[in-house]
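Summary of structural features
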Amino acid sequence: MSGVWVFKNGVVRLVENAGECRSKKMLVHVSSNEVITSYSVLEGKLSPLGWERYYDDPEFLQFHKRSTVHLISLPRDFNKFKSMHMYDIVVKNRNEFEVRDVQ
């Protein structure tokens with residue numbers, strides 16, 4: 001059995017043709033309903049939540065929250081910002097961000 005497991009609307013199903021589930025994604029700030037279109041917009045939303053920018057690694061854009069061990073590492077180039085990075089942000093900031101399909 002090969003394919004990709006997809007969770008949608010509370011149902012998990014196996015998609016045999018993985019191309020079927022490759023829709024474009026966008027990161028949305030829930031309270032403002034604003035789509036994150038750049039790292040400067042993202043930084044503006046993360047800062048009030050206690051995230052601080054790290055400047056140690058020139059290959060990544062990194063944010064750290066002092067009260068936790070969490071670190072968000074993103075590729076320098078926003079064009080390489082993928083859904084896995086979006087979900088990392090969502091998991092570390094519950095109820096603040098969502099990943100949505102681009103319509």
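Structure shown above.
Residues numbered from 1 in each chain as written. Predicted model: local features only at pLDDT ≥ 70, side-chain atom pairs only at ≥ 80, totals over all residues. Heavy atoms only, no water.

Regarding the overall build of the protein chain
- Regarding its fold elements, the protein chain presents two helices and eight strands.
- Secondary structure elements of the protein chain occur, N-terminal to C-terminal, as β-β-β-β-α-β-β-β-α-β.
- Here the C-alpha coordinates of the protein chain stretch approximately 45 × 30 × 25 Å along the principal axes.
- In the protein chain, which comprises 103 residues, the share counted as buried stands at 27%.
- In the protein chain, once contacts between residues fewer than 6 apart in sequence are set aside, the share between residues at least 24 apart is 36%. (Helix = DSSP H or I, 4+ residues; strand = E, 2+ residues; numbered from the N terminus. Buried < 20%, exposed > 50% of the residue type's maximum accessible area, 1.4 Å probe, protein only. Contact = heavy atoms within 4.5 Å.)

Section: the sheet that holds strand β4 (residues 34–35)
- Strand order across the open sheet formed by three strands is β4-β3-β8, with antiparallel pairing between neighbours. Every other strand in the sheet has two partners, leaving β4 and β8 (97–101) as the edge strands with one partner each.
- Across two bridges, the pairing between strand β3 (residues 25–29) and β4 is antiparallel. What sits directly across from V28, in β4, is V35. (Pairing = 2+ DSSP bridges.)

Digging into the pattern of salt bridges
- Here the structure, examined in full by the defined rule, presents six salt bridges.
- K45 serves as the salt-bridge partner of E34, at 2.9 Å between the closest nitrogen and oxygen. Within this pair, whereas E34 is found in strand β4, its partner K45 is found in helix α1 (residues 39–46), the two being separated by eleven residues in sequence.
- Judged by its relative accessible area of 31%, E34 falls in the partly exposed class. (Salt bridge = Lys/Arg side-chain N within 4 Å of Asp/Glu carboxyl O.)

Remarks on unusual backbone geometry
- With phi around 55 degrees, N33 is a residue other than glycine that occupies positive phi space.
- Within the secondary structure, N33 is located in the loop between β3 and β4.

Section: the nonpolar core
- L27, L42, L74, I89 and F97 are the most contacted members of the largest nonpolar core, which has 17 residues in total.
- Examining the composition of this core, we find that four residues originate from one element, α1, more than from any other. (Core = buried A, V, L, I, M, F, W, Y, C linked by side-chain atoms within 4.5 Å.)

All we've got here are geometric facts, nothing functional implied.
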